[in-house]
Amino acid sequence: MLDSALLPTPLVDCTDEAFARAGVELRLKRDDLLHPTVPGNKWRKLAPNLAAAVERGHTRLLTFGGAYSTHLRAVAAAAAALGLESVGLVRGEELADRPRNWSLRAAEQSGMRLEFLTRAAYREATGRAVGECGPQAPQHRWGPCLVLPEGGSNALAAIGAAAIPAELPDLGERDVVCCPVGTGGTLAGIAAGLPPGARALGVAVLRGGEGYLEAEVARLHRAGYGREFDNWRIDHAHHGGGYGKVRPELDLFAEEFERRHGIPVERRYVAKLLAALADLAGAGAFPRGARLTAVVTGLPDPE
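The structure displayed is predicted, hence computed values, not measured ones. Each chain carries its own residue numbering, running from 1 in the direction its sequence is written. Totals for whole chains, interfaces and linings use every residue, but because this is a predicted model, local features are given only for residues with pLDDT of at least 70 and side-chain atom pairs only at 80 or more, for both listing and counting. Heavy atoms throughout the structure, all of them, feed into the side-chain values; hydrogens and water do not.

Undergrad: In this structure, what is going on with the overall build of the protein chain? I would like to understand it.
TA: Numbered from the N terminus, helices here are DSSP runs of H or I no shorter than four residues, and strands are runs of E no shorter than two. Looking only at helices and strands, the protein chain features 11 helices and 10 strands. The globule rule is 2.2 Å times the number of residues to the power 0.38, and the radius of gyration it is compared with is taken over C-alpha atoms. Taken against the 2.2 N^0.38 rule, which gives 19 Å for 303 residues, the C-alpha radius of gyration of the protein chain at 19 Å falls within 12% of a compact globule. When the backbone C-alpha atoms are referred to their principal axes, the protein chain occupies close to 55 × 40 × 35 Å. By residue count, 53% of the 303 residues in the protein chain fall in the buried class. When accessible area is computed with a 1.4 Å probe and restricted to protein chains, residues below 20% of their type maximum are described as buried, those above 50% as exposed, and intermediate ones as partly exposed.

Next up, the structure:
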């Protein structure tokens, strides 16, 4: 079985000059400490899906990810702990014959079988991943399995992420709960779990997601809750050049934040979130007296 998760995760007040000047409070929801091998929002999103897989008698999970996908590693570790097989379809056929990077190596060490696809085949496969593998699906060679979408974002994942605001005391009209957005599942869950008056803000970490990410969050709301919510928005101006891109100024921001607060900052998601909040606060985007809760969704890469 999976080791016990640290729940509720710590909530840390974070006095920071950039926010104090704007009259805005900042606190960090340390979901990076939630689980040693299935950290942060990955545990939140995977836990209800894993429970469903076990309940339905599945013995194999199949999912998708890029060369450094945290989701692939998390699925591999969780499946191994539950005695399930796991298959990862990886974007990038050229990676098949190269030495494994630390991320793919970790997935394989947890027992995940990797299959490397061309980018066109990967797009087709992820676009058709809507439920269990069928005979016509690209994954038919793996047999019956539970398919988890790229990033793990589905209706069950959103329901799992809705537990985040439930762990935040005294949420009200001055509160904005914030998270990075890759596939939309965590933001969808946070927005659905908020009490009246509080709002959610997502910071997109990929370029060109305008409209698409909003549609994905709305789709997850309809699938998980049978309705849409109007208490959230996505900022698209702080992706830093695109998914996986870490510009020198972002790296410097993260280093300085780590030095001031003693908290390690993951670069591809969390650093973009924190830098966006600092920029928005400085520009007066939040009213004085607002309280921002930044969800620290994962750990820094080991390399």
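Undergrad: Please clarify how the environment of cysteine 14 should be interpreted in this entry.
TA: Within the fold, cysteine 14 resides in the loop between strand 1 (11–13) and helix 1 (17–20). Once the C-alpha coordinates of cysteine 14 and leucine 28 are considered, the two residues, 14 residues apart in sequence, prove to be 6.7 Å apart. Working rule for contacts: check all heavy atoms of both residues, and any pair within 4.5 Å makes them a contact. Not counting residues up to four positions away in its chain, the partners in contact with cysteine 14 are Leu26, Arg27, Leu28, Phe257 and His261.

Undergrad: Whenever I open this one, unusual backbone geometry confuses me. Can you help?
TA: What is expected of a backbone is that most residues other than glycine have negative phi and most peptide bonds are trans. With an omega of -10°, the peptide bond running from leucine 7 to proline 8 counts as cis. Mapped onto the elements of the fold, proline 8 is located in the segment before strand 1. In this structure, aspartate 170 is a non-glycine residue whose phi angle is positive, near 60°. Checked against the element boundaries, aspartate 170 lands in the loop between helix 7 (163–166) and strand 7 (175–181).

Undergrad: Any chance you could explain the nonpolar core here in plain terms?
TA: Taken as a class, soluble globular proteins show a tendency for nonpolar side chains to be buried jointly. Side-chain atoms within 4.5 Å link the members of a nonpolar core, which is a set of buried Ala, Val, Leu, Ile, Met, Phe, Trp, Tyr and Cys residues. In this structure, Leu26, Leu28, Leu277, Phe286 and Leu292 are the most contacted members of the largest nonpolar core, which totals 30 residues. Per element, the largest residue contribution to this core is nine residues, and it comes from helix 11 (residues 267–282). The contacts of leucine 28, once residues within four sequence positions are left out, are Pro10, Leu11, Val12, Cys14, Phe257, Ile263, Leu274, Ala294 and Val296.

Undergrad: Before we go on, may I ask you to explain helix 11 in this structure?
TA: Two residues of an α-helix separated by three or four positions point the same way, owing to the 3.6 residues in each turn. Counted at 1.5 Å a residue, the expected span for helix 11 with its 16 residues is 22 Å, and the 21 Å between its end C-alpha atoms agrees. Of all 16 residues that make up helix 11, 13 are buried, and the element is covered over most of its length. A positive phi of about 80° marks glycine 284, the residue just after helix 11. The length a helix should cover is 1.5 Å for every residue beyond the first.

Undergrad: Explain the side chain of histidine 236 here, please?
TA: Position of histidine 236 among the secondary structure elements: in the loop between strand 9 (232–235) and helix 10 (248–261). Relative accessible area serves as the criterion here: at 15%, histidine 236 is assigned to the buried category. A 3.5 Å cut-off defines polar contacts: any pair of N or O atoms within that distance qualifies, except that in protein one atom must be a possible hydrogen donor and the other a possible acceptor, and neighbouring residues in sequence count only when both atoms are side-chain atoms. Only 2.8 Å separates the side chain of histidine 236 from the side chain of glutamate 214, close enough to count as a polar contact. Contacts of histidine 236, omitting those with residues within four sequence positions, involve Ala204, Gly209, Glu210, Leu213 and Glu214.

Undergrad: Help me understand the environment of leucine 82 in this model?
TA: Looking at the element boundaries, leucine 82 is found in helix 3 (residues 70–82). On the basis of relative accessible area, leucine 82 is assigned to the partly exposed category, the value being 22%. Through-space distance from the C-alpha of leucine 82 to that of valine 205 is 31 Å; in sequence the pair is 123 residues apart.

Undergrad: Would you mind showing me how to read the sheet that holds strand 5 (residues 113–117) here?
TA: Whenever strands of a sheet pair, they do so through backbone hydrogen bonds, lying parallel or antiparallel. DSSP calls a pair of strands paired once it identifies at least 2 bridges connecting them. As summarised here, the arrangement of the four strands in space is 5-4-3-6, forming an open sheet in which the pairing is parallel. Two strands lie at the open edges of the sheet, namely strand 5 and strand 6 (146–147), each paired on one side alone. Alignment of strand 3 (residues 60–65) against strand 4 (residues 85–91), held across six bridges, turns out to be parallel. Looking across to strand 4, one finds that threonine 63 is bridged to glycine 88.

Undergrad: Could you clarify how one ought to interpret the packing of aromatic side chains in this entry?
TA: The description of an aromatic ring pair uses the distance of the two centres, along with the angle that the planes make with each other. Pairing of aromatic rings covers Phe, Tyr and the six-membered ring of Trp, with a centre-to-centre limit of 6.5 Å; geometry is then stacked below 30 degrees between planes, edge-to-face above 60, and tilted otherwise. Applying the stated criterion to the full structure yields five aromatic pairs. Both rings, one in phenylalanine 64 and one in tyrosine 122, keep their centres 6.3 Å apart while their planes meet at 85°; by these two values the pair is edge-to-face. A residue pair is termed long-range when its members are at least 10 positions apart, and phenylalanine 64 in strand 3 and tyrosine 122 in helix 5 (residues 119–127) qualify at 58 residues. Taking the ring centre of phenylalanine 229 as reference, the NZ or CZ of arginine 227 above it sits at 3.9 Å. Whether a charge lies above a ring is judged from NZ of Lys or CZ of Arg, which has to be within 6 Å of the ring centre and within 35 degrees of the ring normal.

Undergrad: I'm lost on the sheet that holds strand 9 in this one. Help?
TA: Pairing in this open sheet of six strands is mixed, and the strands run 1-2-10-7-8-9 from one edge to the other. Both edges of this open sheet fall to strand 1 and strand 9, since each of them pairs with a single strand only. Going from strand to strand, the sheet's axes swing by 25° on average, the running direction of each strand aside. Packed on one face of the sheet, helix 9 (residues 212–225) meets strand 7, strand 8 (199–204) and strand 9 and runs near 150° to strand 9. Fitted lines through C-alpha atoms serve as axes, helices being fitted only where they are in contact, and the angles separating the N-to-C directions of these axes extend from 0 to 180 degrees.

Any functional reading would require information beyond the geometric quantities listed.
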